[in-house]
Amino acid sequence: MTPVFPGLPERIKDLGEIASDLWWSWHYRARDMFRRLDYPLWRLTAHNPVAMLRQISPERLEAVSHDRAFLALYDDALRALRAARASRESWWSRTHGEAATSTIAYFSAEFAMHQSLPIYAGGLGVLAGDFCKEASDLGMPFVGVGFMYPQGYFHQKVTADGWQEETYEILNWDDAPTRPTVQPDGARCIVSVPLGARTVHAAVWQVRAGKVRLFLLDTDIDENAPWDRGLSARLYGGNQEMRLQQEIVLGLGGVRALKAMGVEPVVWHLNEGHAAFVALQRMWDQIAQGASFDAALEHVRDTTVFTTHTPVPAGHDAFPFSLVETHMAGAWGGLGDYRERFMALGSHDNGMGPQFNMTALAMRTARGINAVSQLHGEVTRSMFTSLWPGTPKAQLPIKAITNGVHAGTWVAAHMGRLFDQFLGAEWRYRIDEPEFWERVLDIPDEELWKTRIAMRQDLFRFIWDRARERWTTASVSGAQAIAIGALLDPSALTIGFARRFTGYKRPDLIFRNPPRLAAILSQLRRPVQIVFAGKAHPADDGGKHHLQRIYRRASDPAFGGRVAFVDDYDLHVAQYLVHGCDVWLNNPRKPLEASGTSGMKAAINGVPHLSIGDGWWAEGFSGANGWLIDGRPAGDSHDEVDEADAESLYTLLEQQVVPSFYDRDANDVPRAWLRTVKEAIRTVMPMFTTRRMMKQYVHELYDPAIAATTRVGLGD
Ligand SMILES: *Cc1c(COP(=O)(O)O)cnc(C)c1O
């Protein structure tokens, strides 16, 4: 049941099929096709082809159906999409022989596939989205399971005084690349989940992304009581009780949805603890078929993979046992005898007394466990040592697989064309080959610089359009238009900082010494500017205060209009920022950043990273591919650390970053700067993209699980 787009001319009748499969979003020829289809509409819909096809005029459709250049892109996209879905010849099939049909199910509370599907909040979702795309590229039989939040995550508005306000928009289903899931027997797929003393029903939506399918649960259906309809309305919207209920629906309902669809995964991957109830549902199924508790646990462990994502203790969901008892009451069925043992699987004391901890549950029910950077691996082993009594820390079964970003999604069209020209179109297939990327060093400086300038220009066009739009339709003040970036200078060195606004990420560290920063920004011949973006969690007043302080700086004349805050950060804004800035700043309080991925997106586009040696940068910094902020504080109080890190940041800017950017030759080309740019691309592309990452997941975590159940030999 593909969404129907009536009135498509016969010659391009499958345009709707391409628009409804998010595969288009990471294939540049398909993207070019939609851009060409109707450029003003493309921009107006924030690059949403489903919405475009619903609004486009019949005349325009008729015109492109005779446009040879358009038709060439169309034919190409359709052929490539169908080949990707079938994927008979792929890395996966070559390396997995008989086991090639083993399905991997990936459970995640959020998926950031594209801005037209607003079911993500930040980094966790971006990783999940990039993961699915890479799985499709490698030809893996992979399904994602999550939530279809009809109100998504909030939209951010900022008042004249810099205070974040949240608004929720109801998704217009007709404009989203999703459709109802239909079971093999032809019925609409709806699953039921016991919750407390009642039963909640969830409809299942389906999203296609090339070879990969996502199944998304939605409780907003007539069968449910009004209060249950809202369970899946918003991502991270409710209180703890709401969160627990969502997680029960995701875990139990997700397993049931796969069963209803006839999908029989061999590997069950839990992305973060939110999905850990999957393990309980699977154990119950085993026990119902006659297995003992221990046998069921062994089987589930053999086939479960768990990825943990944060070293911040509050980031690990933990609930009072009584709350879990209440909401699980209806789920026990005949298994009440085992209740104590099930409860014990989640028990963990994170310093505030024992609770039911979702990370502990996942760790006790998974054989393959990983953290998302090498440093995060060490921190995680320290946090959860108590789950393996008697095992030395170094031997805990927690691996580290450093995150990566999906190159097809994050490399800008301009940069992709430059690679096509100087590296050859094969770069798209050789992403994880370090030797191949040596070729970046051969790109002529002039060409690379021209490309970087074009990308920066795109960013400013985007920012100015938004400022104009806010000025015209949202009737913001002149000061607000300046805070949004109306006075930015398209040729000045531009520092980007975009991420969730929360204490440990220290968004206002760079303002620690305001006069010193003002001096850096406003040098006559070497101007510097900073563009900020990011949301604070609705319940995080501390984060909102950070945001407010930055916003006030942005409208403070002392900074000369050289500080801007772009509101409503999402995938769309992120694309422009990671492409168009010159330097990407990241200054978390070490070691609280598990990995971080926005710096990788920037680096593969020739935007070097200026960062604390935390998360991925602890292993990514080579000495020549960006800059390391390393304050070496005298003590370890927050104040001492902040002071030392700010000092290091200022010194790097004053002595290295700014001089390098403005040191130009006779043709106005910054030679030394471009050496850093090339090193950033050369070193980050092969190591910190999902191609390397996914192969590592397959070899280290999926293959052992497949081998445990299928007992077939695997190739390399
Ligand atoms: C990449 C990305 C993130 C994650 O960035 P970090 O550097 O890990 O904080 C968050 N939100 C959006 C919209 C992104 O594109």
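These notes cover the structure that comes with them. (Residues numbered from 1 in each chain as written. Predicted model: local features only at pLDDT ≥ 70, side-chain atom pairs only at ≥ 80, totals over all residues. Heavy atoms only, no water.)

Quick notes on the site of the ligand
Neighbouring the ligand are 14 residues; K505, G596, T597, S598 and K601 lie closest to it. Measuring from an oxygen atom of the ligand, one finds a side-chain N or O atom of S598 at 2.5 Å. The separation between an oxygen atom of the ligand and a polar side-chain atom of K601 is 2.6 Å. Surface burial for the ligand is 93%, taken as the share of its 390 Å² of free accessible area covered by protein chains. Contributions of two or more residues to the shell around the ligand are made by helix 8 (123-137), helix 23 (571-580) and helix 24 (598-603). Across the shell around the ligand, the residue classes tally to 5 nonpolar, 5 polar and 4 charged. Two domains each provide a minimum of three residues to the shell around the ligand, namely domain 2 (91-403 + 695-712) and domain 3 (408-688). (Near = heavy atom within 4 Å. Polar contact = N/O pair within 3.5 Å; in protein donor to acceptor, adjacent residues only side chain to side chain. Areas by Shrake-Rupley, 256 points an atom, 1.4 Å probe, with all protein chains shown as cover. Helix = DSSP H or I, 4+ residues; strand = E, 2+ residues; numbered from the N terminus. Nonpolar A, V, L, I, M, F, W, Y, C, P; charged D, E, K, R; others polar. Domains from an automatic or database assignment.)

Overview of the sheet that holds strand 18 (residues 563-566)
The 6 strands lie next to each other as 18-17-16-19-20-21, forming an open sheet whose pairing is parallel. This sheet does not close on itself; its edge strands, each paired only once, are strand 18 and strand 21 (626-629). The mean angle between the axes of side-by-side strands here comes to 20 degrees, regardless of whether they run parallel or antiparallel. In the sheet, strand 17 (residues 528-533) pairs with strand 18 via 4 bridges, with the strands oriented parallel. Looking at strand 18, one finds that F532 is bridged to F565. (Pairing = 2+ DSSP bridges. Axes fitted to C-alpha atoms, helices over the stretch in contact; angles between N-to-C directions.)

Topic: the nonpolar core
Within the largest apolar cluster, 140 residues are counted, with the highest numbers of intra-cluster contacts made by L15 and Y702. Three or more residues apiece are contributed to this core by two domains, here domain 1 (10-86) and domain 2 (91-403 + 695-712). Here L15 is in contact with L8, M33, F34, L37, L53, L61, F70 and Y74, once residues within four sequence places are set aside. Listed in part, the 95 residues of the second largest apolar core include F460, A533, L653 and V669. (Core = buried A, V, L, I, M, F, W, Y, C linked by side-chain atoms within 4.5 Å. Buried < 20%, exposed > 50% of the residue type's maximum accessible area, 1.4 Å probe, protein only. Contact = heavy atoms within 4.5 Å.)

A look at helix 13 (residues 321-328)
For helix 13, every residue scored as buried is listed here: L323, V324, H327 and M328. Projected onto a plane normal to the axis of helix 13, the buried residues spread over an arc of 120 degrees and lie on a single side. Against strand 6 (190-195), helix 10 (240-260), helix 11 (277-288), strand 11 (318-319), helix 14 (339-345) and strand 13 (354-357) lie the buried residues of helix 13. (Arc of directions from axis to C-beta.)

Section: the pattern of salt bridges
Tallied over the entire structure, the rule returns 57 salt bridges. For R428, the salt bridge identified is with D420, shortest N-O distance 3.1 Å. The exposure class assigned to R428 is partly exposed, which follows from its relative accessible area of 23%. D420 gets classed as partly exposed once you look at its relative accessible area, which sits at 21%. Residues D445 and K678 are paired through a salt bridge, measuring 2.8 Å at the closest nitrogen-oxygen approach. Note that D445 is positioned in helix 19 (residues 445-473) and K678 in helix 27 (residues 671-687), a separation of 233 residues in sequence. One exposure class covers both D445 and K678, and it is buried. Connected via shared salt-bridge partners are K13, D14, E17, D21, R82 and R85. (Salt bridge = Lys/Arg side-chain N within 4 Å of Asp/Glu carboxyl O.)

So, the packing of helix 21 (residues 514-521) against helix 26 (residues 638-662)
Axis separation between helix 21 and helix 26 bottoms out at 11 Å; the angle between their running directions is 15 degrees. Here helix 26 runs roughly parallel to helix 21, going by the angle between their axes. Between helix 21 and helix 26 lies a crossing of left-handed hand. In contact with R516, L517 and I520 of helix 21, helix 26 contributes E647, Y650, T651, L653, E654 and V658. A per-class count over the contact of helix 21 with helix 26 returns 5 nonpolar, 1 polar and 3 charged. (Parallel < 35°, antiparallel > 145°, perpendicular 65-115°, else oblique. Left-handed = near helix turned anticlockwise from the far one by under 90°.)

Quick notes on the environment of G97
With respect to the secondary-structure elements, G97 resides in the loop between helix 7 (91-96) and strand 1 (103-107). The spatial distance from the C-alpha of G97 to the C-alpha of V305 is 22 Å, given a sequence separation of 208 residues.

Let's talk about the sheet that holds strand 13
Read across the open sheet, the 3 strands follow the order 11-13-12; overall the sheet is antiparallel. Of all the strands in the sheet, the pair left with one neighbour each is strand 11 and strand 12 (347-349). Bridging between strand 12 and strand 13 involves 3 bridges; their strand directions are antiparallel. The partner of S347 across the bridge, within strand 13, is F356. Packed on one face of the sheet, helix 13 meets strand 11, strand 12 and strand 13 and runs near 40 degrees to strand 13.

Comments concerning unusual backbone geometry
Cis rather than trans, the peptide bond between K590 and P591 has omega equal to 0 degrees. Assignment of secondary structure puts P591 in the loop between strand 19 (583-586) and helix 24. Positive phi outside glycine occurs at H47, with the angle close to 60 degrees. Along the chain, H47 turns up in the loop between helix 3 (39-44) and helix 4 (49-55).

As for the pairing of strand 7 (residues 198-209)
Judged by how many residues are buried, strand 7 sits mostly within the fold: 9 of 12 residues are covered. In the sheet, strand 5 (residues 179-180) pairs with strand 7 via 2 bridges, with the strands oriented antiparallel. Residue pairing for strand 7: R179 is matched across the bridge by Q206. Counting the residues in the hairpin turn of strand 6 and strand 7 gives 2 residues, including G196, whose phi is positive at 60 degrees. With 7 bridges joining them, strand 7 and strand 8 (residues 212-218) adopt antiparallel strand pairing. Looking across to strand 8, one finds that Q206 is bridged to F215. Counting the residues that bridge the hairpin from strand 7 to strand 8 gives 2 residues, and of these G210 lies at a positive phi of roughly 65 degrees.

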